[in-house]
Structure formats: structure tokens, C-alpha cells
Amino acid sequence: MSAEDEGIRCTLMRGGTSKGAYFLAEDLPADPDVRDDLLLRLMGSPDDRQIDGIGGGHPLTSKVAIVSRPADGEADLDYLFLQIMVGEAGVSARQTCGNLLAGVAPFGIERGLVPVRGDSTRVRVRILNGGGLATATVGTRGGRVNYAGDTLISGVPFPAAPVTLDFAGTEGSTCGRLLPTGSVRDAIGGVEVTCVDNGMPVVIIAADALGLTGHESPAELEAAAPVKAKVEGIRLRAGELMGLGDVRTTTVPKMTLVAAARSGGTIATRTFIPHRVHASIGVLGAVSVATAVLVEGSVAAAVAVPPAPGETLRIEHPTGFFDTAVEVSGEGADLRVHRSGVVRTARKLFDGTVWPRRAL
């Protein structure tokens, strides 16, 4: 029997400020091309509405997490993230997603891949998109995952139980080094930028270099065609300089405009992901921006409130803020990252069977 006839077991979860479909690797085809074709049909792409699938018609709700038992004893789970394009028939594994990562440990526990270990369960997750290891701490009082709680994160209207994520080994995980170009600043198209990769390749631009305040709404930025064209031109060139090659059809690097914070935070951000503007900011995107704040001479450091050693950095974004801790040593181009930590929430929305549309 085919997947079209029998369906595929799937869990839909909100992870952080994203929403996605979670699958066990064993339930999907092993061949990546066959798998990706199936996922496009499950999610409803290509179609801006994704009306014939379970995608939400937006990059933040058109995501897939594939979870499996680890290849070795270093981790408890392996996690592969796939970004499913909405209006085109494309699937990208060029980046990871720290928001969906918040749901990986709960999903692994629910599916029996990881045993409950008391009132809270620590789960080591290997990030297959570029490497790195995250340790997730999940509430498991009563022998099951606890989703209800009082933790509110900006970009999610309702509270849930906290999921703590600690990252190690994410420095240069996609591009090979923290500052992929080897420089603290680069000039691209007459604009100074800082390119950084601490789990997510990000190009940081001072908003005023584009004639902006950095506090515009996502809708205002998406309606500003000249700004979008300028940002995309910088992105294409930055992709080459960062060792990512031709990025015209990829979702990295992300483009983050920065400005002085207005609400008591460290720095204000507006992030292109890369063609829509994020309503908040991605987990590892925020970690990379926070890391750039700590790089002396960077574009981010120039507009940020200088943090005290060991201080949590508050990244302001369109719907609130994102707090992250980054432990580093060294300075400037010699900065080294030892650990990054964030708090997210996750919630199981449904668990059942999903049926793809038939292949044409």
C-alpha cells in the first residue's frame, strides 16, 4: 500500500514561534528526493495558501522536523530540519530551526525514543543541519511530557511549559567559522555588514544604512520594494563571501537589520527570512545576533547597549523580545563561543495520520 492510501503518522507541534510537522525518520522514504516530493504533497506546496495540505501558507508554518535514534552515543536524538517552500516546489536542508528544536525532545519522549527521567528530562539532540549539539530540558512530572505552564515567549499569545535549550558546537556550524568572511565588517553594495554564524548564518546591517529606523513593522518592510531589492542584492553577494555559494534559491543567510533598542533591551532587530519579514526572530538567528553584539567593531556592537560580562542579552523584535545567554572568550575576530542558552515553549497540537495528495 502507498502513503496516499495508508497515510503517514505525523505530529503537528508549535515549537517556539514556529509550527511544523514532526515525523520519525523511519516513517518517511529513505531517498531524499522521494521524501521531499512526498513532503511537498503533504504540506500543500507549491501553493501560496497550501490549501491542499497541512502547511500554513507562511515560511514559519511550513516546516518539517525529522527525528530519529542517534547514530552513536553522543546524543539521545538526531534532528533534521527541512524548510518547505510555500509558493514553489522546493525543500531546503541548508539551515536548521531552533524554534522547531523546542519540540524535538517532547516528540522523542512521546514516541518512546527517550525515557522519562523524573520530574524533568534532559535530552541531547544532535542537529544534523550543519552539526552542533543541543541539550533540551523538558518537564516530565507524572511520567509524561508537561505542555501546560506559565511561561510566555514573545510571538506566542498563550503560555506553556518552558523548554530550556543549551547549545554547544554551533560556532560556524554552517559556514565553518564564526565570522565566515574572516572579517568583523565587510562592505557590500556600499553598505557595511557583519556576517556571523553561531548556528545560523546571518548578515547584520544597520537599519539607518538603508534609510530606516529599524523599528518598522514587518508589513511596512515587506511593502518597501526598494529596500527588499537592496537587502536581497546584499544577501546574494554575502552568500558568496560566506562560502554558501549561489543562495538565490536557499533560505540562508538570514538578513537582520539592527538599531538601538527602545524598550530596555540590548539591540532591536528586524529579520528577513529571507524574503518575508519575521514577526519575531528565529532562535539561532537571535543567538547569532547576540554573538555579534559581543564582537568588538561589529555592526551590531555599534548600535547595541554594551552588555556586562555574563549578562543575558535581550534582543528586541517586532512582537517583543528574545533573551539569550552567550558565553565567549577572546575578542574581535578571535572571539570563541563556548555555550549559548535560551528558553522556549512547545505544544503538541495533534497526533494522527496525514494523507498526501497523489503525485501527478
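Predicted, not measured: the structure shown is a model, and the values here were computed from it. (Residues numbered from 1 in each chain as written. Predicted model: local features only at pLDDT ≥ 70, side-chain atom pairs only at ≥ 80, totals over all residues. Heavy atoms only, no water.)

A. Structural view of the pairing of strand E8 (residues 162–168). Relative to E8, strand E7 (residues 133–139) runs antiparallel, the two being bridged by 6 bridges. Each bridged residue has a counterpart across the sheet, and for Leu133 the counterpart in E8 is Ala168. Sheet topology note: the E8/strand E16 (residues 336–354) ladder contains 6 bridges and is antiparallel. Considered in E16, the bridge of Val163 is made with Arg344. (Pairing = 2+ DSSP bridges. Helix = DSSP H or I, 4+ residues; strand = E, 2+ residues; numbered from the N terminus.)

B. Up close: the layout of surface pockets. The computed volume of the largest pocket comes to approximately 550 Å³. For the lining of the largest pocket, the elements supplying multiple residues, two or more each, are strand E4 (77–84), helix H3 (98–110), strand E12 (254–259) and helix H6 (283–293). Tallying contributions element by element places H6 first for the lining of the largest pocket, with 3 residues. Here the residues of the lining of the largest pocket sort into 13 nonpolar, 18 polar and 6 charged. (1 Å grid on protein atoms, 1.4 Å probe; cavity = no way out; pocket = protein on both sides within 12 Å on 5 of 7 lines; lining within 4 Å. Points joined across faces, edges and corners; volume = space filled by probe spheres on them. Nonpolar A, V, L, I, M, F, W, Y, C, P; charged D, E, K, R; others polar.)

C. Representation of unusual backbone geometry within the structure. In this structure, the amide linkage connecting Ser45 to the following residue, Pro46, adopts the cis form with an omega of 0 degrees. Along the chain, Pro46 turns up in the loop between helix H2 (32–43) and strand E3 (63–68). A cis amide bond links Ile273 to the next residue, Pro274, at an omega of 0 degrees. Tracing the sequence through the fold places Pro274 in the loop between strand E13 (267–272) and H6. For Gln50, which is not glycine, the phi torsion reads 50 degrees and is therefore positive. Position of Gln50 relative to the elements: it lies in the loop between H2 and E3. Looking at Gln50, the relative accessible area reads 1%, which means it is buried. (Buried < 20%, exposed > 50% of the residue type's maximum accessible area, 1.4 Å probe, protein only.)

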